[in-house]
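# Descriptive analysis of the structure
Spelled out, the chains give:
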Amino acid sequence: MTKPVVLIAEELSPATIDALGPDFEVRTVEGSDRDALLPALADVNAVLIRSATTMDAEAIAAAKRLKVIARAGVGLDNVDVASATRAGVMVVNAPTSNITSAAELAIALLLATARNIAPANESLKSGAWNRSKYSGVELLDKTVGVVGLGRIGALVAERLKCFGMKVIAYDPYASPARAGMVGAQLVTLDELLAESDFITIHLPKTPETLGLIGEEALRKVKPGVRVINAARGGIVDEIALARAIGEGRVAGAGVDVFATEPATESPLFTYESVVVTPHLGASTQEAQEKAGIAVARSVRLALGGELVPDAVNVSSGFIAEEVRPGISLVEKLGRVFTAVAGAVPAQLDVEVCGEITEHDVSVWKLVALKGLFTDVVEDAVTYVNAPILAEQRGCQARLVTDAKAEDFRNITTLRGTLQDGSVVSVSGTLTGPKMVEKLIGINGYDLEVPLSAHMLVFDYEDRPGVIGSVGKILGDARVNIGGMQVSRQGDRAIGVLNVDSAVPPALGTVICDAVEATTFSAINLED
């Protein structure tokens, strides 16, 4: 069997290769060399990058077999996520790999600005002993304003609290309870600017945060404040910050990120009281190793056809272990639905009943859509592009849950309304210690049939001889029946057969004509 191909476009830790394991063909290329990168992408299934490789629309189009782009880091400025999503390519990163490293660097910059470490170091190395010139300030009893109380901001707040600092924070999305857990008090941005002796930025770069700490904000700060930005360039207006330092409104700054990078020139560079570093937030051995291992694991999941909960362009969220076994069942129910319905519904309800609803099963809606379109469109359907396909075809989906289920511990039903107003439903469950996937209902008919690779479903008038006729036709065609079940409602019945091989369309027509079936579906659930 041919192994999936993984292209490593930048230097990664050896632990990354180890985490991939032996199941992949691993190739390398210099990702920053565009002429080498594009042809190298032609037949790869996954590409692992850092910050020097640009995966834009052109690169994604060149990778016809690409299933996943893995960024061994946090930022995705060099990945066209929208183009990847349209192409059904999963984009993953390592959002928690560098949080400790980034938090520690922010504190290092804060301490360096407080004690004038950088200019004192430079002065002494130049042969001058200037103790009085580089007098600094203590952190004890000072107020630090943390702008952004996410994972990194929270770590910074916890650590600075240990220095005896008063911690205040601005974050419109954080609750007072979360702030209290890290020893911080939530305030408005204006209050933070006016009260803080130190301000440290820990926000993502968005249209709303771009230039947040600019000329207007820097005219509201407490005189002598020191500003730290180890988050994203552009959140702090560098020109405005330099002007504030020059005018004496701001005492100093520690800056690791810049609006344009690489940054070799900046008005901030002219001030001794400014400590600058070349975007070192994630530049520790530990962070790089964590990032590589995290994305390698994500690549394994993605190429194995599994959901990656933290993929940036898949709206799945955390998936409980109790929920995972149902993913395969629900995807197959989606394929059974389109085979039985013969069309994509205008409205699809994913109804989940039973004990499983104690957990978050919202991912099953996404999984159902993937199954729904798998046998409908020619292009590969993934967890990434399934919602786009649904939107393009006017299919709205919703999740409906009920803690009670009849007859089984858990039941999942896909109930769809077609364009003509008719309703089609299929139901399934997992049974026994081995979690056997079973089809337990079609259009109101009760069943209990194991899902298999090849199945036949037909609706007919209940009368003697029908099953015998179907069996003879299949036998003459050398198609073996592995199991079957009939369910009746009045004078109508539905037959479901498990067969060992696919039934050709022409044979299906013969069966349909022979038994005068109202509907006939040949279901193929092979991967």
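Model, not experiment: these values are computed from the prediction.

Right, let's get into the packing of aromatic side chains. Per the stated rule, a full pass over the model turns up three aromatic pairs. When the ring of Phe258 is compared with that of Phe269, the centres are 5.9 Å apart and the planes differ by 85°; the resulting orientation is edge-to-face. Of this pair, Phe258 sits in the loop between strand 11 (250-255) and strand 12 (274-276) while Phe269 sits in the loop between strand 11 and strand 12, and the two are 11 residues apart along the sequence. Classification of Phe269 by relative accessible area gives partly exposed; the value is 34%. Cluster of aromatic residues (ring-pair linked, three or more members): Phe458, Tyr460 and Phe520.

Turning our attention to the sheet that holds strand 2 (residues 25-28). An order of 2-1-3-4-5 is seen for the five strands of this open sheet, with the pairing classed as parallel. The open sheet has two edge strands, strand 2 and strand 5 (90-92), and neither has a second partner. Each strand of the sheet is rotated relative to its neighbour by a mean of 20°, with strand direction disregarded. As paired elements, strand 1 (residues 5-8) and strand 2 share four bridges and run parallel to each other. Paired with Val6 across the two strands is Val26, which belongs to strand 2. Each of strand 1, strand 3 (46-49), strand 4 (68-71) and strand 5 is contacted by helix 12 (residues 285-303), which is oriented at about 170° to strand 4, the strand it contacts most.

Before going further, it helps to examine the sheet that holds strand 6 (residues 143-147). Sheet strands line up and pair through hydrogen bonds in the backbone, either parallel or antiparallel. Across the sheet, which stays open at both edges, the seven strands sit in the order 8-7-6-9-10-11-12 with parallel pairing between neighbours. Across the chains shown, the open sheet's two edge strands, defined by having one partner strand only, are strand 8 (184-186) and strand 12. Mean inter-strand twist for the sheet, computed between neighbouring axes without regard to direction, equals 20°. Looking at chain direction, strand 11 and strand 12 are connected through three bridges and run parallel. Bridge pairing in strand 12 places Val255 opposite Val276. Along the sheet face, helix 11 (residues 238-246) touches strand 10 (225-229), strand 11 and strand 12 and points at about 145° away from the line of strand 11.

A word on helix 7 (residues 151-161). Those residues of helix 7 lying buried are Gly153, Ala154, Leu155, Val156, Ala157 and Leu160. For helix 7, the secondary structure elements touched by its buried residues are helix 5 (99-115), strand 6, strand 7 (166-170), helix 8 (176-181) and strand 9 (198-201).

The next thing to look at is the packing of helix 5 against helix 7. Where helix 5 contacts helix 7, the axes come no closer than 9 Å and their chain directions differ by 50°. When the axis of helix 5 is compared with that of helix 7, the two are oblique. Note on packing geometry: the crossing formed by helix 5 with helix 7 is right-handed. Taking contact as the criterion, the partners of Ile99, Thr100, Ala102, Ala103, Ala106, Ile107 and Leu110 in helix 5 are, on helix 7, Arg151, Ile152, Leu155, Val156, Arg159 and Leu160.

Conventions we followed
- Residues numbered from 1 in each chain as written.
- Predicted model: local features only at pLDDT ≥ 70, side-chain atom pairs only at ≥ 80, totals over all residues.
- Heavy atoms only, no water.
- Phe/Tyr/Trp six-rings, centres within 6.5 Å; stacked < 30°, edge-to-face > 60°.
- Helix = DSSP H or I, 4+ residues; strand = E, 2+ residues; numbered from the N terminus.
- Buried < 20%, exposed > 50% of the residue type's maximum accessible area, 1.4 Å probe, protein only.
- Pairing = 2+ DSSP bridges.
- Axes fitted to C-alpha atoms, helices over the stretch in contact; angles between N-to-C directions.
- Contact = heavy atoms within 4.5 Å.
- Parallel < 35°, antiparallel > 145°, perpendicular 65-115°, else oblique.
- Left-handed = near helix turned anticlockwise from the far one by under 90°.

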